[in-house]
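Examination of the molecular architecture
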Amino acid sequence: MEDFILIKKIQSGDTDAFEIIVRKYYQSIYLFCCRRLNGNPDTAADITQDVFLKLLENIQSVRKIGKFQNYLLTIAVNTCNNYTKKAKPLYMDLETLEDIEDTDNAFEKIELNELKAQIQYAINTLPDYQKEVIILRFYYDLKIREIATITKASVSTVKSRLQQGIKKLERYLADFRGGDNV
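Note that residues are indexed from 1 along each chain, following the sequence as it is written. Confidence filtering applies because this is a predicted model: local features only for residues at pLDDT of at least 70, side-chain atom pairs given and counted only at 80 or more, and all residues used for totals across whole chains, interfaces and linings. To get the side-chain values, all heavy atoms of the structure are used, and hydrogens and water are removed first.

Think of two packed helices as two axes; the pair is described by the angle between the axes and how far apart they sit. Angular values range over 0 to 180 degrees, each being the angle between N-to-C directions of two axes fitted as lines to C-alpha atoms, with helices fitted over their stretch in contact. Comment: elements are numbered from the N terminus, with helices defined as DSSP H or I runs of at least four residues and strands as E runs of at least two. Closest axis-to-axis distance for the helix α2 (residues 15–36)/helix α3 (residues 41–57) pair is 9 Å, and the angle between their directions is 140°. Considered as vectors, α2 and α3 are oriented oblique to each other. Relative to α3, α2 is oriented so that their crossing is right-handed. Where α2 approaches α3, its residues Phe-18, Ile-21, Val-22, Tyr-25, Tyr-26, Ile-29, Tyr-30, Cys-33 and Cys-34 are matched on the opposing element by Pro-41, Ala-44, Ala-45, Ile-47, Thr-48, Val-51, Phe-52, Leu-55 and Leu-56. The scheme is simple: roughly parallel for angles under 35 degrees, roughly antiparallel for over 145, roughly perpendicular for 65 to 115, oblique for anything else. Two helices that cross are described as forming a left-handed crossing if the nearer one is turned anticlockwise from the farther one by less than a right angle, and a right-handed crossing if clockwise. Should any heavy atoms of two residues lie within 4.5 Å, those residues are considered in contact.

Below you can see the structure in the form of structure tokens.
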């Protein structure tokens, strides 16, 4: 409800309200774009800015329907899809996405870094439509119906993409670990 009060203020010309929305959702949208664009932080920052510019351009058409973050993620999905249709994919380290929690054991840090890098690389190998579903489900903890709405796909299509993506990730990670069960 608070988000839509801010939206009403933005629609009335309140630039401070827009800054609040950007501050509140920038990191979340940026991380989605970064993961979706194979960890490229510069491109993710550009796409994230595009998402907020598109929001501002279309602010008068925003209505109170569901979660506002899902509305922004829909814009982010579409903007990333448009970008990837035009650009060649780049692969970056997962380390650019988030800091590792402090721990006394340096070996655990190294293992955690390697695991994150393996998982991100495996996600990067997925087709874009499966990658989106995996990211939205596991990084954003969205329900299948919410993902279907965001990606403009049917619930059964989202379930299928999720299952296929998970199977591909399991196979990739099992191969990477030398056949161990994941």
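After that view of the structure, there is still more to cover.
This part covers the side chain of Ser-28. Relative to the assigned elements, Ser-28 resides in helix α2. Each residue touching Ser-28, except ones within four places of it in the same chain, is listed here: Gln-69 and Tyr-140.

The next thing to look at is the nonpolar core. The set of buried Ala, Val, Leu, Ile, Met, Phe, Trp, Tyr and Cys residues whose side-chain atoms join them within 4.5 Å is what this entry labels a nonpolar core. Categorising residues by exposure relies on relative accessible area from a 1.4 Å probe, with only protein chains included: less than 20% of the type maximum marks a residue as buried, more than 50% marks it as exposed, and the intermediate range marks it as partly exposed. In this structure, Phe-32 and Leu-55 are the most contacted members of the largest nonpolar core, which totals 48 residues. Where this core is concerned, the elements lending two or more residues are α1 (2–11), α2, α3, α4 (68–86), α5 (106–125), α6 (128–139), α7 (144–151) and α8 (155–176). If one sorts the elements of this core by residue count, α2 sits on top with 11 residues.

Take a side-chain nitrogen of Lys or Arg and a carboxyl oxygen of Asp or Glu: if they are within 4 Å of each other, that pair is a salt bridge. Summed over the entire model, instances satisfying the criterion amount to 6 salt bridges. Notably, a salt bridge pairs Lys-24 with Asp-3, separated by 2.7 Å at the nearest N-O pair. Of this pair, Lys-24 sits in helix α2 while Asp-3 is found in helix α1, placing the two residues 21 residues apart along the sequence. With a relative accessible area of 42%, Lys-24 lands in the partly exposed category. A salt bridge links Arg-137 to Asp-141; the shortest N-O distance between them is 3.1 Å. On the basis of relative accessibility, which here comes to 27%, the residue Arg-137 falls in the partly exposed class.

Time to look at α7. Judged by how many residues are buried, α7 sits mostly within the fold: 6 of 8 residues are covered. Within the span of α7, buried status applies to Ile-144, Glu-146, Ile-147, Ala-148, Ile-150 and Thr-151. Backbone geometry just downstream of α7 places Lys-152 in the positive-phi region, at approximately 60°.

How far a helix is expected to stretch is found by multiplying one less than its residue total by 1.5 Å. For α4, which comprises 19 residues, the first-to-last C-alpha distance of 28 Å matches the rise-based estimate of 27 Å (1.5 Å per residue) to within 8%. Turning to α4, its buried residues number three or more, namely Phe-68, Asn-70, Leu-72, Leu-73, Thr-74, Ile-75, Ala-76, Val-77, Thr-79 and Cys-80. Each element contacted by the buried residues of α4 is listed here: α1, α2, α3, α6 and α7.

The next point concerns the packing of aromatic side chains. Pairing of aromatic rings covers Phe, Tyr and Trp, the last through its six-membered ring, and needs centres within 6.5 Å; plane angles under 30 degrees mean stacked, over 60 mean edge-to-face, and all others mean tilted. Per the stated rule, a full pass over the model turns up 7 aromatic pairs. On the numbers, 6.2 Å between centres and 10° between planes, the contact of Tyr-26 with Tyr-30 is stacked. Separated by 4 residues within a single helix, Tyr-26 and Tyr-30 lie in helix α2, roughly one turn from each other. The exposure class assigned to Tyr-26 is partly exposed, which follows from its relative accessible area of 25%. An aromatic cluster is built from Phe-4, Tyr-25, Phe-68 and Tyr-71, whose rings are joined through pairwise contacts. By the criterion adopted, a ring carries a charge over it if an Arg CZ or a Lys NZ lies within 6 Å of its centre and within 35 degrees of its normal. Directly above the aromatic system of Phe-138 lies the positively charged group of Arg-137, at a separation of 5.8 Å from the ring centroid.

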